[in-house]
Amino acid sequence: MPTITVGLDGSPQSLAAADWAAREAEQRGAALCLLHAREQQSHLVPALAGVPAPGAIDTQHAWAKTLLHDAQSRLADRHPGLDIGTQQAGGRPVAALLAAAEEADLLVLGSRGLGTVAGFLVGSVSLPVVARAARPVVLVRAGERAQDEHLPDASGGTSTATPYRDVLLGLDLDDPGDALIGFAFDAALRRASGLQIIHGWSLPTSYGYGSAMDVGLNEELAEQVRHALSDILRPWRDKFPGVEVHAQAVIGSAGRHLVHASRDAGLVVVGRSERHTSIGGHIGPVAHAVLQHAAAPVAVVPHD
């Protein structure tokens, strides 16, 4: 059975992530694993929300056990029949979460919102996990609710009885990645939602400054980009005929456009090339902008 693992630390964002992960597991017919990763040094002051003041490892272990049990009970009440397990992992949280990602189909983490500004504050744990995880990672803000994934009802209110909001995909034509595109199409299919795709492009620097004023040249290049986008998506449209796709090529970086469009999306999907630098994994500028500012949960999908 496929498994979705969620990192749980008692913070509001991690509890929202657990709720999101439970809904996703139910939708996929997957098992859910609630994972608490903790340092094993007894002298450390726990930095997680709700953790008691400094104490021995036994105290931390007991707190974590209670946290996991309470979350498991709450989710079991909301999702009867869902296979929900719990796990405590020692060692550093980043290493523990990366190890868990190796065994899971999807890893879900909470991410702190920026106060009244819709967005993410990617922390010291989530950022390196996103940059290095072997599996897709979804980041969920505190306050994210099931009804936020759905369109407003006739009165403009929130509801879980309305259709899902579209899945939003940021696509780089120079590095599209089958795993990335497949993840987005599959997510839209399972939600019976539309799929919005945004590709950002700019004039090649070899064309020079003056060419930016050439309307005819710009339109010719734009048409070439649209054709290339259509060619990449054609086999996926054939594979997922039930998914309504709206694709657009926009001038400039896709990050700003994706952040704006995320206000109406149920899920944002971006890619991460599986190349590594001397300091670890790499998150591109588009994915980084989306992680910082998107108004919906963000899935980061590693791909070749």
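Residues numbered from 1 in each chain as written. Predicted model: local features only at pLDDT ≥ 70, side-chain atom pairs only at ≥ 80, totals over all residues. Heavy atoms only, no water.

Colleague: Could you clarify how one ought to interpret the overall build of the protein chain in this entry?
Modeller: Helix and strand counts for the protein chain come out as 8 helices and 13 strands. A separation threshold of at least 6 residues defines the contact pool for the protein chain, and within that pool the share at least 24 residues apart is 74%. About 14,500 Å² of surface is accessible on the protein chain, with carbon and sulfur atoms providing 53% of the total. (Helix = DSSP H or I, 4+ residues; strand = E, 2+ residues; numbered from the N terminus. Contact = heavy atoms within 4.5 Å. Areas by Shrake-Rupley, 256 points an atom, 1.4 Å probe, with all protein chains shown as cover.)

Colleague: Quick question: what am I supposed to make of the packing of helix α1 (residues 12-28) against helix α5 (residues 178-191) here?
Modeller: What describes two packed helices is the angle between their axes and the distance between those same axes. Interaxial distance between α1 and α5 falls to 11 Å at its minimum, and their mutual angle equals 80°. As summarised for this structure, α1 and α5 are arranged roughly perpendicular, according to the angle between their axes. Two secondary-structure elements touch here, α1 through W20, E24, Q27 and R28 and α5 through F183, R190 and R191. Of the residues in the contact of α1 with α5, the class split is 2 nonpolar, 1 polar and 4 charged. (Axes fitted to C-alpha atoms, helices over the stretch in contact; angles between N-to-C directions. Parallel < 35°, antiparallel > 145°, perpendicular 65-115°, else oblique. Nonpolar A, V, L, I, M, F, W, Y, C, P; charged D, E, K, R; others polar.)

Colleague: Explain α5 to me, please; I cannot follow it from the model alone.
Modeller: Helical geometry: 3.6 residues make up each α-helical turn, so side chains three or four residues apart lie on a common side. In this model α5 runs 20 Å from its N-terminal to its C-terminal C-alpha over 14 residues, within 8% of the 20 Å that 1.5 Å per residue would give. Listed in full, the buried residues belonging to α5 are L180, I181, G182, F183, A184, F185, A187, A188 and R191. Positioned one or two residues after α5, A192 has a phi angle of 55°, which is positive. (Expected span 1.5 Å × (residues − 1). Buried < 20%, exposed > 50% of the residue type's maximum accessible area, 1.4 Å probe, protein only.)

Colleague: It is not clear to me how the pairing of strand β2 (residues 31-37) should be interpreted in this structure. Could you clarify?
Modeller: Moving residue by residue along a regular strand, the side chains alternate between the two faces of the sheet. Counting buried residues along β2, 7 of its 7 residues qualify, which places the element largely inside the surrounding structure. The alternating pattern of β2 places A31, C33, L35 and A37 and L32, L34 and H36 on opposite faces, both of which are buried. When strand β1 (residues 3-7) meets β2, the two strands line up parallel, connected through 5 bridges. Pairing of G7 across the sheet is with L35, part of β2. For the crossover that starts at β1, traverses α1 and ends in the parallel β2, the hand is right-handed. (Pairing = 2+ DSSP bridges. Right-handed = clockwise from strand over helix to strand, strands pointing away.)

Colleague: Mind showing me how you'd approach the packing of aromatic side chains here?
Modeller: Remark: the centre distance and the inter-plane angle together describe each pair of aromatic rings, the angle taken between the planes. The full count for this structure, using the stated rule, is 3 aromatic pairs. Taking the centre distance of 6.1 Å and the plane angle of 25° together, the rings of F185 and W236 count as stacked. In this pair, F185 sits in helix α5 while W236 sits in helix α6 (residues 215-239), placing the two residues 51 residues apart along the sequence. Across the pair, exposure class does not vary: F185 and W236 are buried alike. (Phe/Tyr/Trp six-rings, centres within 6.5 Å; stacked < 30°, edge-to-face > 60°.)

Colleague: Help me understand the pattern of salt bridges in this model?
Modeller: Two side chains bearing opposite charge may form a pair once their charged atoms approach each other closely. A full pass over the atoms with the stated rule returns 11 salt bridges. In this structure, the salt-bridge partner of D148 is R145, at a minimum N-O distance of 3.0 Å. By relative accessible area, D148 is classed as partly exposed at 23%. Look at R145 and you get partly exposed, because its relative accessible area is 37%. Between R234 and D231 there is a salt bridge, and its shortest N-O distance comes to 3.0 Å. Placement of both R234 and D231 in helix α6 is noted, with a separation of 3 residues, approximately one turn of the helix. When salt bridges that share partners are traced, they join E24, R28, D186, R190 and R191 into one network. (Salt bridge = Lys/Arg side-chain N within 4 Å of Asp/Glu carboxyl O.)

Colleague: Which parts of the structure should I look at to understand the environment of H79?
Modeller: Considering the arrangement of structural elements, one finds H79 in the loop between α2 (57-78) and β3 (84-89). In this view, H79 contacts A22, R23 and E26; residues no more than four positions away in its chain are not counted.

Colleague: Whenever I open this one, the nonpolar core confuses me. Can you help?
Modeller: Generally speaking, nonpolar side chains in soluble globular proteins are found buried as a group. Judged by nonpolar contacts, the single largest core of 52 residues is most densely connected at L32, L34, V108, L171, F185, L195 and V269. The residues touching V108, leaving out its near neighbours within four places in the chain, are I4, T5, V6, G7, A17, W20, A21, V138 and V140. In this structure, L97, A101, V137 and A296 belong to the second largest nonpolar core, which totals 33 residues. (Core = buried A, V, L, I, M, F, W, Y, C linked by side-chain atoms within 4.5 Å.)

Colleague: Quick question: what am I supposed to make of the pairing of strand β7 (residues 166-170) here?
Modeller: The buried fraction of β7 is high, at 4 of 5 residues. As paired elements, β7 and strand β10 (residues 265-273) share 4 bridges and run parallel to each other. Counterpart to L168 in the pairing with β10 is V268. Bridge count for β7 against strand β8 (residues 195-201) is 4 bridges, and the pairing is parallel. Bridge pairing links V167 to L195 in β8. Taking the sense of rotation as the criterion, the β-α-β connection linking β7, α5 and β8 turns out right-handed.

Colleague: I would appreciate a short explanation of the packing of helix α7 (residues 254-261) against helix α8 (residues 285-293) in the present structure.
Modeller: Interaxial distance between α7 and α8 falls to 8 Å at its minimum, and their mutual angle equals 30°. The angle between α7 and α8 falls in the class roughly parallel. Where α7 crosses over α8, the handedness of that crossing is right-handed. Contacts between α7 and α8 pair A254, G255, L258 and V259 from the former with V286, A289, V290 and H293 from the latter. (Left-handed = near helix turned anticlockwise from the far one by under 90°.)

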